[in-house]
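Chains, contacts and geometry: an overview
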Amino acid sequence: MTATTGQQDGTQPSGRIHPVTTSPRTAVADEQAPAAVPARRKRMLTGDRPTGKLHLGHFVGSIANRIHYQREYETFLIIADLHMLTTKNARKDIDEVAKTARDMVLDQLSAGIDPEYATFYLQSAIPEVSELNTLFQNLVTVPRLERVPSLKDMARAAGKDEMPYGLLGYPVLQAADILCVKGDIVPVGKDNHAHVEVTREIARRFNFLYGEVFPIPELIESQITTLVGTDGQAKMSKSLGNAIMLSDDAATVRKKVAGMYTDPNRIRADIPGTVEGNPVFAYHDAFNDDPAEVADLKDRYRAGRVGDVEVKDKLTAAIDRFLEPMRERRSTFERQSGLVDEIIVDGTERTRREVQVVVAEVKKAMGITGSYNQLRRKAEQARKRRGS
Ligand code: TRP
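Source: prediction; values computed, not measured.

Rules behind the numbers
- Residues numbered from 1 in each chain as written.
- Predicted model: local features only at pLDDT ≥ 70, side-chain atom pairs only at ≥ 80, totals over all residues.
- Heavy atoms only, no water.
- Buried < 20%, exposed > 50% of the residue type's maximum accessible area, 1.4 Å probe, protein only.
- Helix = DSSP H or I, 4+ residues; strand = E, 2+ residues; numbered from the N terminus.
- Right-handed = clockwise from strand over helix to strand, strands pointing away.
- Salt bridge = Lys/Arg side-chain N within 4 Å of Asp/Glu carboxyl O.
- Contact = heavy atoms within 4.5 Å.
- Axes fitted to C-alpha atoms, helices over the stretch in contact; angles between N-to-C directions.
- Parallel < 35°, antiparallel > 145°, perpendicular 65-115°, else oblique.
- Left-handed = near helix turned anticlockwise from the far one by under 90°.
- Nonpolar A, V, L, I, M, F, W, Y, C, P; charged D, E, K, R; others polar.
- Near = heavy atom within 4 Å.
- Polar contact = N/O pair within 3.5 Å; in protein donor to acceptor, adjacent residues only side chain to side chain.
- Areas by Shrake-Rupley, 256 points an atom, 1.4 Å probe, with all protein chains shown as cover.
- Core = buried A, V, L, I, M, F, W, Y, C linked by side-chain atoms within 4.5 Å.

1. Some remarks on the pairing of strand S2 (residues 74-79)
- Along S2, 6 of the 6 residues are buried, which leaves the element largely enclosed by surrounding structure.
- For the crossover from strand S1 (residues 43-48) across helix H3 (residues 56-69) to S2, the handedness is right-handed.

2. Here we look at the pattern of salt bridges
- Summed over all chains, the structure comprises 32 salt bridges.
- Between Glu354 and Arg43 there is a salt bridge, and its shortest N-O distance comes to 2.9 Å. With Glu354 in helix H17 (residues 339-366) and Arg43 in strand S1, this residue pair connects regions lying 311 residues apart in the sequence.
- Residue classification places Glu354 among the partly exposed residues on the basis of a relative accessible area of 25%.
- Judged by relative accessible area, Arg43 falls into the buried class, the value being 8%.
- Residue Asp191 is joined to Lys235 by a salt bridge in which the shortest nitrogen-to-oxygen separation is 2.9 Å. Of this pair, Asp191 sits in the loop between strand S4 (185-187) and helix H12 (193-210) while Lys235 sits in the loop between strand S5 (218-220) and helix H13 (250-258), and the two are 44 residues apart along the sequence.
- Taken together, the shared-partner salt bridges connect Arg43, Glu74, Arg350 and Glu354 into one network.

3. A short note on the environment of Asp93
- Of note, Asp93 is situated in helix H5 (residues 91-95).
- In this structure, the C-alpha to C-alpha distance between Asp93 and Thr51, residues 42 residues apart in sequence, is 9.0 Å.
- Discounting chain neighbours no more than four positions away, the residues touching Asp93 are Met84 and Lys88.

4. Focus: the packing of helix H6 (residues 97-111) against helix H16 (residues 308-335)
- Remark: H6 packs on H16, axes separated minimally by 7 Å, with the N-to-C direction vectors making an angle of 125 degrees. Taken together, the axes of H6 and H16 are oblique relative to one another. Here the hand of the crossing between H6 and H16 comes out right-handed. Residues Leu106, Asp107, Leu109, Ser110 and Ala111 of H6 touch H16, and the partners they reach there are Met326, Arg329, Arg330, Phe333 and Glu334.
- Broken down by class, the residue content of the contact of H6 with H16 amounts to 5 nonpolar, 1 polar and 4 charged.

5. Here we look at the site of the ligand
- Around the ligand, a shell composed of 15 residues is seen, among which Arg49, Tyr170, Gln174, Asp177 and Asn192 lie nearest.
- Between the ligand and Tyr170 there is a distance of 2.7 Å, counted from a nitrogen atom to a side-chain nitrogen or oxygen.
- The separation between a nitrogen atom of the ligand and a polar side-chain atom of Gln174 is 3.1 Å.
- When isolated, the ligand has an accessible area of 370 Å², and the protein chains bury 94% of it.
- Counting residues per element, the ones that place at least two in the shell around the ligand are S1 and helix H11 (170-179).

6. As for the nonpolar core
- Core analysis: the largest hydrophobic core is formed by 47 residues, its most contacted members being Leu56, Phe59, Tyr283, Phe287 and Ile319.
- No other element matches H16, which puts 7 residues into this core.

7. Things to note about the environment of Lys363
- Within the secondary structure, Lys363 sits in helix H17.
- Taking the C-alpha atoms as reference points, Lys363 and Tyr210, separated by 153 residues in sequence, lie 9.7 Å from one another.
- When near neighbours in sequence (up to four residues on either side) are disregarded, Lys363 contacts Glu131, Leu135, Ile368 and Thr369.

Printed below as a string of structure tokens:
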């Protein structure tokens, strides 16, 4: 199976670019079910911290699923800048968020996310998410969070020898993201699996204590969980300099593929090579849409009847076939100045309205709204008695 699921099953984006983001979903639902109250559409929520442009590893790890499910589910895509702060909170990092957010949304639109279906939003612009985070903090224990392996990795990667409070709470904030729109499915890469588990625990705990408010969100795993780097390191990552970006042009792709790590024991084309664990073939498997060509290259590689140059040339061509439609969509979006910003801002406003409804329901279920209402009623009576 290639990583181009979205294209193969006919869910290719329409290619039409709409600056207006009024929801077509409501209209359809109304037409189809005029008498009955239409069932709530199931929701997908996922996204990224604004850390930079996206690469092929992001595509197979999560973007492919976003494209695949965007029409079936009502889709929310977060730009998680509050999560970024848990490891990167210098003023200069924050100053880059607007640009990074724009780059990442453009990458996703180019990859095939259709803004008619998916709603992008900036996390920090919805303060009710932080409110929900505060309320959720009491539904999970510190030792539970200390057992989440990704947090220690993130602390180490950020050069911190002690765990920041906010980083320990990373999965709780993520639960607030997922549950603030009552997300039903969460397609994420391996690093985030444990976070979704914490979300499920928080949702169950909330429902147990305060009544059935939340769905228990389901983790959606990717077909390809991790993509090796061009250098053969376990993971493709921009900071390791071993990534092919979705925005790379053909010349850049050619250069990166030419420099890729292959079977180090194979110093001549007539020496039999190993296909398993070989990054060049991992990429052929993931991105080459011509399985017969891949099978033939593997056979000849194992038999010592093909040179690395041919294997890499064919990989370059395959990745270009994969990226070319993205380049076309990218230029369509880029030609319309401010369109990406508009998509983010409209999406944030729409999401905020949804979140406000959910957070109001949460506070009512918890009895928090009631406390202040009692005080308000009494205060009102006192004011009346005084005749003011
Ligand atoms: N934790 C995700 C990352 O690794 C970003 C993120 C924040 C997220 N909130 C989310 C992903 C909610 C899925 C659902 O960048």
